[in-house]
Amino acid sequence: MKIVAAFDSFKGSLSAQDIVTIVGKAVRTTLPNATITELPLADGGEGTTEALAHYLNASWQICNAHDALMRPITTKYAISSNGTTAIMDMASAAGLTLLSSEERNPMLTTTFGVGEMLKDAISKGCKHILLGIGGSATNDAGIGMLAALGVKFYDNHKREVTPIGKNLKLISSVDLSKIINLKTITIDVICDVTNPLYGPNGAAHIYAKQKGANSTEIIELDNGLRHFATLCTTNPNTSGAGAAGGLGYALLSLNANLKNGAEIVLETAQLAHHIQDADLIFTGEGKIDEQTLCGKLPFAVLQMAKHIQKPVIALAGCVENKDKLLTAGFKDVQSINALYNPNVPITELMKTSVAAENLYNTVVLILDKYSQ
């Protein structure tokens, strides 16, 4: 019997690696003749870069760059063992968490540091970039990144425009003559956002408030995005153009591929290969509910398994809408806390030692049931 454990993390409790190790231990204890394949995964959020680096046997690189307020910082990204693929998060250079609450203002922030990271990886021979763009502090339509790659932006008086959010409205011309050569570079963007560049569902109206913008600034930023789009040929209504304050739009203009995070991770982990001869697949994340069916990691695993008629059991700390999940195709969906006193506080259940024990016991019980 072959079993595959393919999990995202139980956020705040167990890492994806912790989970697959525990499931593996439970399998070996309960079914000593079974084989177990352990696949720590992610879906574009926390842990995605680490998961990709794991499968590509990547090594971490130090990179000097600038944060969203153009202050020098030291950041890092990973390069695969064959030296061709770089794995990085835009948030490590232009992330919201790098700024204090008082510093957050997408009128003043830039993605320049993201371009510096890309340029550094390309200078080291990387031909393929895997770029996560969640957690941005910016709303500059990616002009900061483009500036770092050599693009120049000018106003009506031929003065160079500083690439920050509030200056989008000032740009009257774009000079691409000095942009670095990207013809041999493939950029795959981990993007789970489908927003257009501007409008009621665009980057500014949906995300700028949480980045520090007030209502007046949100309108100004949205107008800036609208204006910038008139200077470009890329369709601003393309799904994902509004991701990371419009960074998605700039990346699309570089012919980047915007992909679902789970899709990239599953492809890199070669899940399709590993489940081809599996008898049972375990998957899960911290909470499984109706939202799981909107492209989260467990659903992506299920979709792949359904094509070859392999049974999938989902495990989580919390389960809601179980009937809908079963209707979607899961063989079973279980909370690892279902067997325990409902009065135990969630803070106790989320402790690493408690969650680890509950996960182990739940897998053992399930295996006992399905092996009979």
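Residues numbered from 1 in each chain as written. Predicted model: local features only at pLDDT ≥ 70, side-chain atom pairs only at ≥ 80, totals over all residues. Heavy atoms only, no water.

1. Focus on a nonpolar patch on the surface
Defined as follows: Note that patches include only residues with greater than 30% relative accessible area and no salt bridge, and the join distances are 9 Å for like charges and 5 Å for nonpolar side chains (Val, Leu, Ile, Met, Phe, Trp, Tyr). All accessible-area figures derive from a Shrake-Rupley calculation using a 1.4 Å probe, and residue coverage is judged against the displayed protein chains alone. The salt bridge criterion pairs a side-chain nitrogen of Lys or Arg with a carboxyl oxygen of Asp or Glu, the two atoms within 4 Å. The numbering of helices and of strands both runs from the N terminus, where a helix is a DSSP run of H or I of at least 4 residues and a strand a run of E of at least 2. Any residue under 20% of the maximum accessible area for its type is buried, any over 50% is exposed, and the rest in between are partly exposed; the area is computed with a 1.4 Å probe on protein chains only.
A surface patch of nonpolar side chains, about 230 Å² in accessible area, is lined by Val174, Leu176 and Leu231. Relative to the elements of secondary structure, leucine 176 occurs in the loop between strand S8 (173-175) and strand S9 (186-190). Note on leucine 176: relative accessible area 54%, which makes it exposed.

2. Brief notes about the pairing of strand S3 (residues 59-66)
Rules: Any two strands with at least two DSSP-identified bridges between them are counted as paired.
Across eight bridges, S3 lies against strand S4 (residues 72-79) in antiparallel orientation. Looking across to S4, one finds that glutamine 61 is bridged to tyrosine 77. Counting the residues that bridge the hairpin from S3 to S4 gives five residues, and of these methionine 70 lies at a positive phi of roughly 65°.

3. Remarks on helix H7 (residues 215-229)
Test applied: To estimate how far a helix should extend, the number of its residues minus one is multiplied by 1.5 Å. Taking the helix axis as origin, the arc is that swept by the directions to the C-beta atoms. What makes two residues a contact is simply this: any of their non-hydrogen atoms within 4.5 Å.
Counted at 1.5 Å a residue, the expected span for H7 with its 15 residues is 21 Å, and the 21 Å between its end C-alpha atoms agrees. Of all the residues in H7, the buried ones are Glu217, Ile218, Leu221, Asp222, Gly224, Leu225, Phe228 and Ala229. Down the axis of H7, the sector holding all buried residues measures 155°, keeping them to one side. Away from its buried face by more than 90 degrees, H7 exposes Ser215 and Thr216. Of the surrounding secondary structure, the elements contacted by the buried residues of H7 are helix H5 (143-148), strand S7 (152-154), S8, helix H6 (203-207) and helix H8 (247-253).

4. A few points about the side chain of lysine 2
Let me state the cut-off plainly: In protein, a polar contact means a hydrogen-donor-capable atom and an acceptor-capable atom, both N or O and within 3.5 Å, with residues adjacent in sequence counting only if both atoms are side-chain atoms; elsewhere, any N or O pair within 3.5 Å suffices.
Tracing the backbone through its elements, the reader meets lysine 2 in strand S1 (residues 2-7). For lysine 2, a relative accessible area of 14% corresponds to the buried category. A polar side-chain atom of lysine 2 sits 2.7 Å from the main-chain carbonyl oxygen of histidine 274. Excluding residues that lie within four positions of it along the chain, lysine 2 makes contacts with Thr35, Thr37, His274, Asp277, Ala278, Asp279 and Leu280.

5. Here we look at the environment of alanine 305
With respect to the helices and strands, alanine 305 occurs in helix H11 (residues 297-307). Residue alanine 305 is classed as buried on the basis of its relative accessible area of 0%. It is 36 Å that separates the C-alpha atoms of alanine 305 and methionine 117, two residues lying 188 residues apart in sequence. If we ignore the near neighbours within four places in the chain, the residues touching alanine 305 are Ile275, Ile281, Lys310 and Val312.

6. Notes on the environment of threonine 21
The topology assignment puts threonine 21 in helix H1 (residues 16-30). With relative accessibility at 37%, the residue threonine 21 sits in the partly exposed group. Along the backbone, threonine 21 and isoleucine 122 are 101 residues apart, and their C-alpha atoms lie at a distance of 35 Å.

7. Overview of the domain arrangement of the protein chain
Let me state the cut-off plainly: Start and end positions for the domains come from either an automated domain assignment or a database one.
Segmentation of the protein chain into domains returns domain 1 (2-41 + 270-370) and domain 2 (48-259). Inter-centroid distance (C-alpha atoms) of domain 1 to domain 2 is 35 Å.

8. Side note on the environment of isoleucine 62
With respect to the helices and strands, isoleucine 62 occurs in strand S3. Given a relative accessible area of 59%, isoleucine 62 falls into the exposed group. Separated by 69 residues in sequence, isoleucine 62 and leucine 131 place their C-alpha atoms 16 Å apart. Those residues in contact with isoleucine 62 that sit more than four places away from it in its chain are Thr74, Thr75, Lys76 and Lys124.

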